[in-house]
Amino acid sequence: MLSNKIAVIYGASGAIGGAVARAFAREGARLFLTGRDAASVDAVARDIVSEGGCALAAQVDALDERAVDTHLQSVIDSEGRVDVSFNAVGIPNAQILGVPLIDLDLTHFEQPIASYTSSYFLTARLAARRMIPHKSGVIMTVTALHSRIGLPLVGGYGPAMAAKEALTRNLSAELAPHGIRVVGLRPQGMPETRTIRDAFEPRAKASGMTWEQWLEFLASRTHPRRLMALEELANMAVFIASDKATGMTGTTVNLTMGSLDD
Ligand SMILES: NC(=O)c1ccc[n+]([C@@H]2O[C@H](COP(=O)([O-])OP(=O)(O)OC[C@H]3O[C@@H](n4cnc5c(N)ncnc54)[C@H](OP(=O)(O)O)[C@@H]3O)[C@@H](O)[C@H]2O)c1
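Here we summarise the structure given alongside this text. None of the values given here were measured: they were computed from a predicted structure. (Residues numbered from 1 in each chain as written. Predicted model: local features only at pLDDT ≥ 70, side-chain atom pairs only at ≥ 80, totals over all residues. Heavy atoms only, no water.)

### Concerning the overall build of the protein
We apply this condition: Strands here mean DSSP runs of E at least two residues long; helices mean DSSP runs of H or I at least four residues long; both are numbered from the N terminus. As a reference, a globule follows 2.2 Å times the number of residues to the power 0.38, and the radius of gyration itself is taken over C-alpha atoms. Burial here depends on accessible area, computed with a 1.4 Å probe over protein chains only, as a share of the maximum for the residue type. Under 20% is buried, over 50% is exposed, and the range in between is partly exposed. Surface accessibility follows the Shrake-Rupley procedure with a 1.4 Å probe radius. Residue values consider only the protein chains on display as shielding. When charges are counted, Lys and Arg contribute as positive and Asp and Glu as negative, whereas His and the chain ends are disregarded. Positions of charges follow a simple convention, taking NZ of Lys, CZ of Arg, CG of Asp or CD of Glu.
When helices and strands are counted, the protein shows 8 helices and 7 strands. For 262 residues, the compact-globule estimate of 2.2 N^0.38 gives 18 Å, and the C-alpha radius of gyration of the protein, at 18 Å, lies within 12% of that figure. Reported as C-alpha extents along the three principal axes, the dimensions of the protein are approximately 55 × 40 × 35 Å. Here the protein holds 262 residues, and 48% of them are scored as buried. Surface exposure of the protein reaches about 12,100 Å², of which carbon and sulfur atoms provide 53%. Between the averaged position of the 25 positive side-chain charges in the protein and that of its 27 negative side-chain charges there is a distance of 4 Å.

Here's what the structure looks like:
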């Protein structure tokens, strides 16, 4: 589905970035994987190459405009274009969750909003500049259901996710006339990921639940009464990045399995 598509992934050593990279590679994409830590992103690239995929790793801080720009230019210099930009950057939840809003200081409130929106803005804008001459491309990212429902103890994370979804719509309004689609993915929590454990374990403990009971509680809020697998999210990412999804732009795909109505 992604044969010979040139895809750049930011945060590629993370749970979602890595799963999307592997799924993109299986579908024939040529991958340029980036992350803050060179060794971790290199490990993902080597894994993909050992399974017959095509992936190159680079150390890129997705909040550093010059680093993102230089890396993208190197992709253009070698491949001539970029077809897909996927921002899977995630900030450690320990830095942003768990403090009641009335006790939260401004710096901590602003941190996720500034980091999430800035990295998405930078990676999207710099990719779009390279996509416009080719009149094609797909810009993607990930959010969470915190964008749309009130949840306690999430600090600036909910506003950050809502802002990213607004940016997806606005990027699309400007870029779709140039043939560029902009689509977000809003998955339900995936228990295989460390992120979910870090985010929810303190709340499970505070509620007197074991981790397994907490997962059951989260699953009970979905229609199929189960949580999502990383592979399911990655498969959806493949479809959205592919030419099968040319009818979709300016939106965030609701993958919360019924726990959040449209
Ligand atoms: N996991 C889930 O179930 C789930 C569900 C819904 C939404 N989400 C959202 O999806 C996003 C990714 O989640 P995840 O579970 O994949 O998180 P993750 O495993 O923590 O991965 C995040 C990745 O982003 C990288 N990163 C952080 N800051 C960066 C920067 N400035 N430049 C480049 N890379 C940077 C991290 O690298 P370092 O290791 O070097 O920091 C890490 O590799 C988050 O926004 C998360 O809230 C996750």
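Don't stop here, the text continues.
### Digging into the site of the ligand
How we decide: Near, as used in this document, describes a residue that has one of its heavy atoms within 4 Å of the molecule or strand being considered. Two N or O atoms form a polar contact when they lie within 3.5 Å of each other; inside protein one atom must be a possible hydrogen donor and the other a possible acceptor, and for residues adjacent in sequence the pair counts only when both atoms belong to side chains.
Around the ligand sit 25 residues, and of these R36, A62, Y157, M190 and T195 come closest. Within the side chain of R36, one N or O atom sits 2.5 Å away from an oxygen atom of the ligand. One of the side-chain N or O atoms of T195 is found 2.4 Å from an oxygen atom in the ligand. Residue assignment for the shell around the ligand shows that the elements contributing at least two residues are α1 (15-26) and α6 (194-206).

### Focus on the sheet that holds strand β1 (residues 6-10)
Filter applied, for reference: DSSP calls a pair of strands paired once it identifies at least 2 bridges connecting them. Lines fitted to C-alpha atoms define the axes, with helix axes restricted to the stretch in contact, and inter-axis angles between N-to-C directions lie between 0 and 180 degrees. The contact definition used throughout considers only heavy atoms, calling two residues in contact when any of these lie within 4.5 Å.
Here 7 strands make up an open sheet; going across it, the order is β3-β2-β1-β4-β5-β6-β7 and the pairing parallel. A single partner strand is all that each edge strand has here, and the edge strands are β3 (54-59) and β7 (251-255). Pairs of neighbouring strands in the sheet enclose a mean axial angle of 20 degrees, with direction left out of account. As paired strands, strand β4 (residues 84-87) and strand β5 (residues 137-142) are joined by 4 bridges and run parallel to one another. Each bridged residue has a counterpart across the sheet, and for S85 the counterpart in β5 is I139. With respect to the sheet, helix α4 (residues 106-131) is in contact with β1, β4, β5 and β6 (180-187), its orientation differing from that of β5 by roughly 170 degrees. Those strands touched by helix α8 (residues 230-241) are β4, β5, β6 and β7, and its axis lies near 165 degrees from that of β6.

### A few points about the side chain of T193
Of note, T193 is situated in the loop between β6 and α6. Look past the residues within four positions of T193 in its chain and what remains in contact with it is A15 and L230.

### A word on unusual backbone geometry
Working note: non-glycine residues mostly have negative phi, and peptide bonds are mostly trans. In this structure, K135 takes a positive phi of about 55 degrees despite not being glycine. Looking at where K135 falls in the secondary structure, it is placed in the loop between α4 and β5. Under the relative-accessibility criterion, K135 is labelled exposed at 56%. Its identity is not glycine, yet R225 carries a phi of approximately 60 degrees, on the positive side.

### Considering the pairing of β4
We apply this condition: Here a crossover is taken to be right-handed if, once the strands point away from the viewer, the path from the first strand over the helix to the second is traced clockwise.
Of the two faces of β4, the one lined by V84 and F86 and the one lined by S85 and N87 are each fully buried. The pairing of β1 with β4 spans 4 bridges and is classified as parallel. Among the inter-strand pairings, Y10 is bridged to a residue of β4, identified as N87. Once the chain exits β4 it traverses α4 before rejoining the sheet at β5, and the crossover so formed is right-handed.

### Focus on helix α2 (residues 38-50)
The cut-off we apply is this: Here the expected span of a helix is defined as 1.5 Å times the quantity of residues minus one. The arc in question is formed by the directions pointing from the helix axis toward the C-beta atoms.
With 13 residues, α2 extends 18 Å from end C-alpha to end C-alpha; this agrees with the ideal 18 Å at 1.5 Å per step. Every buried residue of α2 is listed here: V41, V44, A45 and I48. Looking straight down α2, one finds its buried side chains confined to an arc of 95 degrees; they lie on one side. Across from the buried face of α2, at angles greater than 90 degrees, the exposed residues are A39, R46 and S50. For α2, the secondary structure elements touched by its buried residues are α1, β2 (30-35) and β3. Just downstream of α2, G52 is the residue with a positive phi angle, here 95 degrees.

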